Amino acid sequence: QSSRWGNGAENPRPADPADPAPCNKSLNIWSIDPVDLLAGGTTWRFDGNLVERRGIILGGAQVGADLDYYKDGYHPGGSIVDEAAGQQHIFIYIGVYTQYANAYRLSRPLDTYAFRAACGLPALPTPAITGVSISGKTITIAGINFTALKEVLIDGKSAAIVSSNITEINATLPDGVTTATADEVTVRTNHGITTGLSDLTQLPPAVSAIRYDAIWPGKPVTITGVNLDDVTKIFFGDIEVTTFISKTDTEIVVAAPEGVTDGVLSLQAAGGDTVPLPISGEYTASVKPYDLAPLVDTQPVVAGYHPLDLVASATGTPTPTYKWQYRNGGTGDWTDVGMSLDYEGVSTAHLTIVNTTGRNGWQYRYVAMNHTEDVYSNPVTLQLLAETFIAPAGIVAASDSDAPDLYIADAHAIYVVTQSNQKALVFAGQSDESGNSDGASDIARFNAPRGLTLDATGRLIVADTGNSRIRAIAPDGAVSTISASHVFDGPRDVVAHNTNGDIYVADTGNHLIKKIDSTGAVYIIAGGGVAGFSDGVGPEVLFNTPSGIAIDNDGDLYVADTGNHAIRHIDMVTGSVSLFAGGTTPGTTDGAVASARFDSPESVAVDNITGRIYVADTGKHRIRVIHSGSVLSIAGQYPGTAGFKDDTMSDTLTVNNGWLASPSAITAGGTRTFYIADTGNTVIRRYRGVTTGEIITLPIEALPADSGTSGGNNGDGGNSGGGGGGGAPSWLFAAALAALLAPRVLINKSRQ
């Protein structure tokens, strides 16, 4: 619509009613004769809407002007063409000189072909009706070019459209109409109007569908429609193709040409006319898969029903799909992984090898596919391990060296692992036999021990959770009980001060933090003895199942307050306890310490070189780091799902592609190096984040009992890391252990 009043189309503001003299008469374009407009032709429809046009007046006084020019009455404005809606609109303004006008809108179906021809635009495919059938109250209209359907009229009455596609319309007969001939059927689309049957032989070529899997050189594109035999050329953008794979009157199959890029598909008939498309011919040229995520070269995994996860990732257009392949050994042909009880997700980006039995040395890879060229990942080789551990729940490093010996609490025994050969030997206790006896390492017995720490004298201190005792193992393997007369309740973790001989205990069942001094006397550091949450000093402080404890260079303590889903800080100078990170509700949120959330964290460790605090966030199967007032997840599957896979390819310090299952203990073992008791996966993992991050599985194998051992490289390293997390009296520990293993064990059972 033109700017009829005011200062013209360039400045369409209305004239000022208080000062009409400056009013300019502006050009009225798309004018229509009022006589024709008011004659009430059948193609016009008055919509009945009354629009108050404030600020628009019908004219203004001009000195010497013929006021008859501004006479009251009907003033046709310019038409508005709404091609998408198939409508043409004209407004009539009714008002009195110098007063606000009312506007009435009249509309009619747009003659799209006439409009596009007048504007020099290419024609669009008009709808064509080839058949009509009626069943009950439903009329089915067959034909072509029904894209962008706007209206169906039966005997001049609007029919409710039930469904439609490019070649068929289903509609409900209007009230009072029980039958209709084709001549009484009118179909209107955005592209035109047709009534009655069309003679297909007289129609120009028409397209009903364009199908392809990929726009890639040599790949087929199928075009269906009618009268296609007259098509002589197909253009992929500017590239002309005149040779077809096949062509009939209703279907053309053409190969995408070399050098094809993003563009628009178009067809040309023998006479040179462009075949109008009822659908968009725009396409995106395909891109073969690239940026394939690498698999680790070697993946240690426990043999048997210990699921291993492999994950594929690639970029491409269309989005790639995947399949997995394997071969036995490093040579030979690759075979597609088929559906079986031993696998899940064989045709997805996530393959789970449920049962690894008998697959030592097997290689796996994935194929990224998107109908262009198949692209293959690097292979991963499986390294099967014996079931050395049942459910490792405590760990401490013997030193801060690059590959320290490790002490591990598993089942009812304490193991020592020599990393130089990745061999494990029982250091004290017996894995399959619980008990409560001191003495030489071979006769001493434990009951579900968890937390471990080394004191300044080289003793290994053990939180003997199931026996509710604190035990000590001398360098020669002799086991004794510390503070035997004191009553603990399922203590899950211990940490020793490097110099003064104090041992701090997370007395889990009593909801207390305690200290054992060098004389064996026991003191309560903080806690009220009941579950709850409050900061403060002494007995006004409340914990809820504290399970992990660690110490920093200043002698301050950090507590994994498991039941409160929080990390607490104890200032050992003032005795004040405060919330360090997290809150009382579980979650997996990273960010500022006040808003970050944990889920049942069971272990905490301090990197005294960098000041970072590392947390085994057991409930979310993740490892988190606290530094500079923020919490960041650095390992484990988001948003907190159990899994098992290594990751050595991270470009950053985070290795969220390294998955864990209920990690319940973590210990420092060098600069930004930590060892994790991955309880649910029954393995020991190493995280290292110096310049980039990685998380790997240590390929630990058990030594026979008579093989001998050095007894570990005892020292004062590793004291900053708590070793425990989880456990309680024997019956509760068994239940907790079952819960920890549930995410994987349930999977295992379902696949046997």
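Refer to the structure printed above.
All values derive from a computational prediction rather than experimental measurement. (Residues numbered from 1 in each chain as written. Predicted model: local features only at pLDDT ≥ 70, side-chain atom pairs only at ≥ 80, totals over all residues. Heavy atoms only, no water.)

A. Here's a closer look at the pattern of salt bridges. Scanning the entire structure with this criterion turns up 21 salt bridges. The salt bridge partner of E373 is K288, with a shortest N-O separation of 3.3 Å. Taken as a pair, E373 in the loop between β32 (362-369) and β33 (375-376) and K288 in strand β24 (residues 287-290) lie far apart in primary sequence, 85 residues in all. Its salt-bridge partner being K620, residue D599 comes within 3.9 Å of it at the nearest N-O pair. Residue D599 is found in the loop between β52 (591-592) and β53 (603-607), and its partner K620 is found in the loop between β54 (612-617) and β55 (622-627); the two are separated by 21 residues along the sequence. On the basis of relative accessibility, which here comes to 16%, the residue D599 falls in the buried class. Each member of the salt-bridge network shares a partner with another, and the members are D438, D464 and R471. (Salt bridge = Lys/Arg side-chain N within 4 Å of Asp/Glu carboxyl O. Helix = DSSP H or I, 4+ residues; strand = E, 2+ residues; numbered from the N terminus. Buried < 20%, exposed > 50% of the residue type's maximum accessible area, 1.4 Å probe, protein only.)

B. Broad picture of the packing of aromatic side chains. Going through the model one piece at a time under the given rule, you end up with 11 aromatic pairs. Measuring from centroid to centroid gives 5.9 Å for Y322 and Y366, while their planes differ by 80°, and the two rings are edge-to-face. Of the two residues, Y322 is situated in strand β28 (residues 321-328) and Y366 in strand β32; the sequence distance between them amounts to 44 residues. Take Y366: its relative accessible area is 0%, and that puts it in the buried class. Between Y407 and F427, the aromatic rings sit 5.4 Å apart at their centres with planes inclined by 50°, giving tilted as the arrangement. Taken together, the residues span a long stretch of sequence, with Y407 in strand β36 (residues 406-410) and F427 in strand β38 (residues 423-429) at a distance of 20 residues. Each member of the pair Y407 and F427 is classed as buried. Among the aromatic residues, those joined into a ring-pair cluster are Y326, Y343, W362 and Y364. (Phe/Tyr/Trp six-rings, centres within 6.5 Å; stacked < 30°, edge-to-face > 60°.)

C. Representation of the environment of A665 within the structure. Looking at the element boundaries, A665 is found in strand β57 (residues 663-668). Between the C-alpha atoms of A665 and P392, which are 273 residues apart in sequence, the distance is 8.4 Å.

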